[in-house]
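Per-entry structural report
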Amino acid sequence: MRVGAVLIATGLALTGCGTVTTTTVEMRPRVVRTPDPIDPLALAKKLIAIQPDWPTTRKIDCKRAKCIALTFDDGPGKYTDKLLDMLSKHRVRATFFLVGEMVEENGRHTLPRMVADGHELGNHSWSHAQLTALSTDGVRSELKRTQDLVERLTGVRMRVMRPPYGSTDGRVAAETRHEKLAQILWNVDTLDWRDRVRSIVAKRACDAKPGSIVLMHDIHSSTVDAVPHILDTLLDKGYTFVTISELYGSTPAPGRKYTER
């Protein structure tokens, strides 16, 4: 009998009660299949097929509607998925300015969800460096590394950027044009990085006016906790939440600086 086989008695044979017969049954090794790893390039192709004209824009006329663009910097972080749940519940779109190092750490699953939910992705440099203090090559590297990583994970080539600290100059503008990125600043600063109190952050955000670009950070739990109140309050006032591209009706011009509509 070969190794791996067992003998199964097919009859009972107590002393004096008959003959024992046996059957040889081959035991084959069990094959356990593990899921294939996610191929970022394959995922990117699927997302491109789903949204060939990303970022998809809704037909919202912000010349007539009371539009506000909520923007979140420095992520994705450990609170970003919770924020995405809140935005999804309210059917609200926002713009996320991503730091390359954070994308590398947390973005494999979060970024595809952002794209699928209709949010806009923006470049916020690789390491959150002050771009005006870097060489031209340094600025280009900070932008390009983040562009390439996000595109590899999502199939999306970002069209907007936000300079860390809002620090920009002619040289930075030239490099953003080179990467086909518009510079998006803000006109409502919640100062949520300094005052990490939910009620304070919400009050400042709710002071926004039609056409405002609101600056927040999804790396702070206090900011994410303030979002439901912000959404409920401004929706009750008749505001429509839009992405940056929707705010301007199309993709803003590369290199140009924007602070509000």
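Residues numbered from 1 in each chain as written. Predicted model: local features only at pLDDT ≥ 70, side-chain atom pairs only at ≥ 80, totals over all residues. Heavy atoms only, no water.

Some remarks on the confidence of the model for the protein
Let me state the cut-off plainly: The predictor rates its confidence in each residue with pLDDT, a number between 0 and 100. Two residues qualify as a contact provided that any one of their heavy atoms is within 4.5 Å of a heavy atom in the partner residue.
Per-residue pLDDT for the protein has a mean of 86; in total, 78% of the residues score no lower than 70. The model gives residues 1–27 a pLDDT under 50, and that stretch makes 29 contacts with residues more than four places away or in other chains.

What to know about the nonpolar core
This is how it is decided: We call a set of buried Ala, Val, Leu, Ile, Met, Phe, Trp, Tyr and Cys residues a nonpolar core when their side-chain atoms join them within 4.5 Å. Exposure categories follow from relative accessible area, calculated using a 1.4 Å probe and restricted to protein chains: below 20% of the type maximum is buried, above 50% is exposed, and the middle band is partly exposed. Put simply, DSSP H or I for four residues or longer makes a helix, DSSP E for two residues or longer makes a strand, and each gets a number counted from the N terminus.
Counting 44 residues, the largest nonpolar core has Leu70, Phe96 and Leu98 as the members making the most contacts within it. Elements that contribute at least two residues to this core include exactly strand E3 (67–75), helix H2 (80–90), strand E4 (95–98), helix H3 (100–116), helix H4 (136–154), helix H6 (198–205), strand E9 (212–217) and helix H7 (221–236). With six residues, the top contributor of residues to this core is H7.

Thoughts on helix H5 (residues 170–178)
Each α-helix turn comprises 3.6 residues. Residues three or four places apart therefore point the same way. To be explicit about the condition: The arc in question is the one traced by the directions running from the helix axis out to the C-beta atoms. Pairs of N or O atoms within 3.5 Å make up the polar contacts considered here, provided that, within protein, one atom can donate a hydrogen while the other can accept it, and that residues adjacent in sequence are counted only when both atoms are side-chain atoms.
Along H5, the residues classified as buried are Val172, Ala173, Glu175 and Thr176. One side of H5 carries all its buried residues, which in axial view fall inside an arc of 165°. Where H5 is buried, its residues contact H4, strand E6 (160–161) and strand E7 (182–184). You can read the cap of H5 off the contacts: a side-chain oxygen lies 3.1 Å from the backbone nitrogen of Arg171, and it is on Asp169. Of the residues trailing H5, Lys180 is marked for its positive phi of about 60°.

A word on the side chain of Thr71
For Thr71, the position within the fold is in strand E3. On the basis of relative accessible area, Thr71 is assigned to the buried category, the value being 0%. At 2.9 Å, the side chain of Thr71 and the side chain of Arg162 are in polar contact. Once you skip the residues sitting within four places of it in the chain, Thr71 turns out to touch Thr95, Phe97, Arg162, Ile213, Val214, Leu215, Met216 and Ile244.

Some words on the environment of Asp169
Note on placement: Asp169 falls in the loop between E6 and H5. Linking Asp169 and Leu131, residues 38 residues apart in sequence, is a C-alpha distance of 8.8 Å. Within the local environment of Asp169, its side chain forms a polar contact with the backbone nitrogen of Arg171, the two atoms lying 3.1 Å apart. In terms of polar contacts, Asp169 uses its side chain to reach the backbone amide nitrogen of Val172, at 2.9 Å.

A closer look at H6
If you check which residues of H6 are buried, you get Val201, Ala202 and Ala205. All buried residues of H6 project into a common sector of 95° when viewed along the axis, lining one side. Summarising the geometry of H6, the exposed residues directed more than 90 degrees from the buried face are Ser199 and Lys203. Turning to H6, the residues buried within the fold contact E9 and H7.

A few points about the packing of H2 against H3
Put simply, the rule reads: A fitted line through C-alpha atoms serves as each axis, taken over the contacting stretch for helices, and the angle formed by two N-to-C directions is quoted from 0 to 180°. Relative orientations are named as follows: roughly parallel for angles under 35 degrees, roughly antiparallel for angles over 145 degrees, roughly perpendicular for angles from 65 to 115 degrees, and oblique for any other angle. The crossing is said to be left-handed when, going from far helix to near helix, the turn is anticlockwise and less than a right angle, and right-handed when the turn is clockwise. Charged residues are taken to be Asp, Glu, Lys and Arg, nonpolar residues to be Ala, Val, Leu, Ile, Met, Phe, Trp, Tyr, Cys and Pro, and polar residues to be all remaining types, Gly included.
Between H2 and H3, whose axes approach to 11 Å, the crossing angle comes to 15°. With respect to H3, the axis of H2 lies roughly parallel. In this structure, H2 crosses over H3, and the sense of that crossing is left-handed. Seen from H2, the contacting residues are Thr80, Asp81, Leu84, Asp85 and Ser88; seen from H3, they are Thr110, Arg113 and Met114. Among the residues making up the contact of H2 with H3, the classes are represented as two nonpolar, three polar and three charged.

Re the packing of H2 against H7
In contact at an axis separation of 9 Å, H2 and H7 are set at 15° when each is read in the N-to-C sense. In terms of orientation, H2 and H7 fall into the roughly parallel class. The handedness of the crossing between H2 and H7 is right-handed. Across from Lys82, Leu83, Met86, Leu87 and His90 in H2, the residues of H7 making contact are Val224, Asp225, Val227, Pro228, Leu231, Asp232 and Leu235.

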